[in-house]
Amino acid sequence: NTTRGTHHFSIFPYWRKIAAVFVFLAATSVLYYSNFLNKDKEPSTQLVANTIIERKTPKGAKLILTLKDGTRVKLNSESSLSFPESFSDEFRQVSLVGEAFFEVAKDSTKPFVITTGDITTTVLGTAFNIKAYPDEKEIKVAVAEGKVRVDASQAPPNTLIASEMVTFNKDQKEIKKSDFDEIVVFGWRENTLYFKDASFNEIKTTLERWYGIDFIVEEGLSIQEEFNGKFVNESLEAVLDALNYTSKFNYRIKGKTVYIH
């Protein structure tokens, strides 16, 4: 008789294979889900790090800001300053439109950089004024104390010390260094208007920003005189009366509009 062999088999190796497949799929799913969550988090973290803050002043207003590094900025009327929520490890960069006086906190490891159109001003710690209104043909950087470097488009860099100023002509792309009258340049910080050989158009623009008004000049009227004067916390009427003393024009104030005729 032929003795048939008895064959024994076990279901356990088969189920081990199935279990291994399930474990692999589960681990893969967890890893994918974890990466998916992290992918979602990365952009938001980057967004927070690069958040740009903007502060604006309308006509007739001024604003004092203290940045995170301790730098103090006084914004003149109709100006704006943009800066990151947190400065980088390499430099402190802000962007200015209009006019501002900076008192930069000293940090020899992080230069403070201000961009204003074609002008870049770099400092480590000093006090200076920048005037860079979009509707004006010139950008002016004037130093009260310390030292700054001014780089201008298509012009060689300039290093300034206290009582020195550069004027950059936007049209001609030329930059000139000169001395300046501090009360003319810095007076606005102390609510002082100071005009020196100023044209009526220059005064009109300044008064519009200072008092938050608009001028309407009668068609055909030409005021050619140059004006000089100092006004400390004066009313608009007082300034116009003083200007009218040397140039015989008439004015009428109605709300936020001054009519010159």
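Just above sits the structure.
**A few points about the overall build of the chain**
A count of helices and strands for the chain gives 4 helices and 18 strands. Out of the 261 residues in the chain, the part that is buried amounts to 36%. Across the chain, contacts joining residues at least 24 apart in sequence account for 44% of those joining residues at least 6 apart. As presented, the chain carries roughly 16,300 Å² of accessible surface, and 52% of it is formed by carbon and sulfur atoms.

**Considering the environment of Leu207**
Assignment of secondary structure puts Leu207 in helix 3 (residues 200–211). Leu207 sits 32 residues away from Val239 along the chain, and the two C-alpha atoms are 9.1 Å apart. Beyond its immediate sequence surroundings of up to four residues, Leu207 is in contact with Leu193, Phe195, Gly212, Ile213, Phe215, Leu236, Val239, Leu240 and Leu243.

**A few points about the layout of surface pockets**
In this model, the largest pocket occupies a volume close to 970 Å³. As for the largest pocket, its lining consists of 34 residues, and the residues nearest its centre are Lys131, Lys140, Val184, Glu202 and Thr206. Counting only elements with at least two residues in the lining of the largest pocket, the list comes to strand 8 (127–132), strand 9 (138–145), helix 2 (182–186), strand 14 (192–199) and helix 3. When its residues are assigned to classes, the lining of the largest pocket shows 15 nonpolar, 7 polar and 12 charged.

**Focus on the sheet that holds strand 17 (residues 251–254)**
Taken in spatial order, the 3 strands of this open sheet run 15-18-17, and their pairing is mixed. Both edges of this open sheet fall to strand 15 (214–217) and strand 17, since each of them pairs with a single strand only. Direction aside, the axes of adjacent strands within the sheet are offset by 20° on average. In terms of strand pairing, strand 17 meets strand 18 (residues 257–260) through 4 bridges, oriented antiparallel. Bridge pairing links Ile253 to Val258 in strand 18. Helix-sheet contacts for helix 3 involve strand 15 and strand 18, and the interaxial angle to strand 15 is about 145°.

Parameters and conventions
- Residues numbered from 1 in each chain as written.
- Predicted model: local features only at pLDDT ≥ 70, side-chain atom pairs only at ≥ 80, totals over all residues.
- Heavy atoms only, no water.
- Helix = DSSP H or I, 4+ residues; strand = E, 2+ residues; numbered from the N terminus.
- Buried < 20%, exposed > 50% of the residue type's maximum accessible area, 1.4 Å probe, protein only.
- Contact = heavy atoms within 4.5 Å.
- Areas by Shrake-Rupley, 256 points an atom, 1.4 Å probe, with all protein chains shown as cover.
- 1 Å grid on protein atoms, 1.4 Å probe; cavity = no way out; pocket = protein on both sides within 12 Å on 5 of 7 lines; lining within 4 Å.
- Points joined across faces, edges and corners; volume = space filled by probe spheres on them.
- Nonpolar A, V, L, I, M, F, W, Y, C, P; charged D, E, K, R; others polar.
- Pairing = 2+ DSSP bridges.
- Axes fitted to C-alpha atoms, helices over the stretch in contact; angles between N-to-C directions.

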